[in-house]
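# Close look at the chain arrangement
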Amino acid sequence: MSAAVSPTGLAGTVPASAAASARRYGAFALRRTGRAVSVVLLAYVAVFLVLAAIPGDPISAQLDNPQAGYTDAQKEQLRSFHGLDRPVLVQLLVALGNAVRGQFGLSLSTSQPVTTVIGDAIPSTLALAGTALLLAVLIAGTLGLLTRLLPTGRVNDLVRTLPTLFLSTPNFLIGLVLIQVLAVQLGLFSLVDADSPASTLAAALTLAIPVSAQIAQVLITALDDSAAQDYAEVAIARGLPPGQVVLRHLLRPSLLPTVTVVGLVIGEVLGGSLITETIFGRTGVGTVVQKAVSSQDVPVLLVAVVLSATVFVVVNLVIDLLYPLLDPRLRTSEVSR
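Residues numbered from 1 in each chain as written. Predicted model: local features only at pLDDT ≥ 70, side-chain atom pairs only at ≥ 80, totals over all residues. Heavy atoms only, no water.

Attention now moves to a nonpolar patch on the surface. Residues Phe172, Leu173, Leu176, Val177, Val181, Leu186, Leu188 and Ile275 make up a contiguous nonpolar surface patch of roughly 720 Å² in combined accessible area. Considering every element that reaches the nonpolar patch, the biggest residue donor is helix H8 (residues 171-185), with five residues. By the element assignment, Leu188 lies in the loop between H8 and helix H9 (197-227). Here Leu188 falls in the exposed class, since its relative accessible area comes to 54%. (Patch = residues over 30% accessible without salt bridge, like charges linked within 9 Å, V, L, I, M, F, W, Y side chains within 5 Å. Areas by Shrake-Rupley, 256 points an atom, 1.4 Å probe, with all protein chains shown as cover. Salt bridge = Lys/Arg side-chain N within 4 Å of Asp/Glu carboxyl O. Helix = DSSP H or I, 4+ residues; strand = E, 2+ residues; numbered from the N terminus. Buried < 20%, exposed > 50% of the residue type's maximum accessible area, 1.4 Å probe, protein only.)

Below, the structure written as structure tokens:
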């Protein structure tokens, strides 16, 4: 009866407060999304201008070759077809307008649509990078939890030193060791079939081990800081098992810095995929970028670089949106901005 008498009573205040909080979070999400879109557009413009400043292109090299036998009229026609006869700013505006509509032009070296060139390479890179990131989080989470669950001693100290060892080991060395042990000696995967699940797992592990070190170091430090807080000491004094203390009282406040590092290492995962793809003979975005650089294929290189920037921006956007959900203290400070 009391819930229906007054809309300003206790029963009506909670839904109203929840609705207001949802509106603030919605506005916060829109602001962050707008900033992310702006960053992607600025990245596209910056990369385009940098690539435009590089002298020469494969089209001009092919046309100016005497053995090609092009007439002056044919040279002008081909340059006009690719838009190379226009001022740089005009090329930028045209390319930006086409990019907004999802049209990225043709590869200058293969004459294939850029979307086809990049699209054929994306599945392999996504499988490698996604598996590597998942393995890195699992390895780092396991190391972090072990430091809190294992008793103080040599084993605990060994676990704490593993991230430093992982970080100091080059991933190409890890890849060569895994190929020698898993492929050559144990025969768990074939070097010929680079896209097989076993080969993908080995390549992802090569990429994940150094990346997991950064996540583990931050997680271990955050767990140690949380364990020194009063609420952790109270939980221990209440006689809770160590596992419950870690999962219920230490893990959640330690997620904020850990999630931040996970977002930052996305760029390292994408960048490290080039070396890993080369070691394991995979054809991915990294390989496409390498070929585009050697052949000065500006449209392919532009889309590949902007695609990497977009992935990085989207991941950090997701992390920004998760912050207020992970820590209630941020819902009044960060969301209200």
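Turning our eyes to something else, we now look at the side chain of Thr206. Along the chain, Thr206 turns up in helix H9. Beyond its immediate sequence surroundings of up to four residues, Thr206 is in contact with Asn171, Ile174, Gly175, Leu178, Thr276 and Phe280. (Contact = heavy atoms within 4.5 Å.)

On to the packing of helix H6 (residues 114-149) against helix H7 (residues 154-168), then. Two elements in contact, H6 and H7, have axes separated by 8 Å at closest approach and are oriented at 150°. As the angle between them shows, H6 and H7 are arranged roughly antiparallel. Regarding H6 and H7, the two cross each other, and that crossing is left-handed. Across the interface between the two elements, Ile139, Leu143, Leu146, Thr147 and Arg148 from H6 touch Asn156, Val159, Arg160, Leu162, Pro163 and Phe166 from H7. Within the contact of H6 with H7, the residues separate by chemical class into seven nonpolar, two polar and two charged. (Axes fitted to C-alpha atoms, helices over the stretch in contact; angles between N-to-C directions. Parallel < 35°, antiparallel > 145°, perpendicular 65-115°, else oblique. Left-handed = near helix turned anticlockwise from the far one by under 90°. Nonpolar A, V, L, I, M, F, W, Y, C, P; charged D, E, K, R; others polar.)

Glancing now at the packing of aromatic side chains. Evaluation of the coordinates by the stated rule reveals one aromatic pair. Seen in terms of ring centroids, Tyr25 and Phe28 are 6.0 Å apart; in terms of plane orientation they differ by 45°. Their pairing is tilted. Residue Tyr25 and its partner Phe28 are both found in helix H2 (residues 10-52); the two are separated by three residues, about one turn of the helix. You can call Phe28 buried: its relative accessible area is 1%. (Phe/Tyr/Trp six-rings, centres within 6.5 Å; stacked < 30°, edge-to-face > 60°.)

Tracing the sequence through the fold places Leu42 in helix H2. Among the residues examined, Leu42 registers a relative accessible area of 61% and is labelled exposed. Taking the C-alpha atoms as reference points, Leu42 and Val306, separated by 264 residues in sequence, lie 9.8 Å from one another.

In the numbering used here, UniProt assigns the feature "transmembrane region" (unreviewed entry) to residues 34-54, 126-150, 171-192, 255-280 and 300-323. Summarising residues 300-323: 100% helix, 0% strand, and an end-to-end C-alpha distance of 35 Å. (UniProt positions renumbered as here; feature names shortened; annotations may be inferred.)

Inspection of the secondary structure assignment puts Ser199 in helix H9. For Ser199, a relative accessible area of 1% puts it in the buried group. Once you skip the residues sitting within four places of it in the chain, Ser199 turns out to touch Phe189, Asp193, Ala194, Phe280 and Arg282.

The next subject is the environment of Leu92. Topologically, Leu92 is positioned in helix H5 (residues 88-100). Leu92 sits 43 residues away from Leu49 along the chain, and the two C-alpha atoms are 7.8 Å apart. Setting aside residues up to four positions removed in sequence, Leu92 forms contacts with Val45, Phe48 and Leu49.

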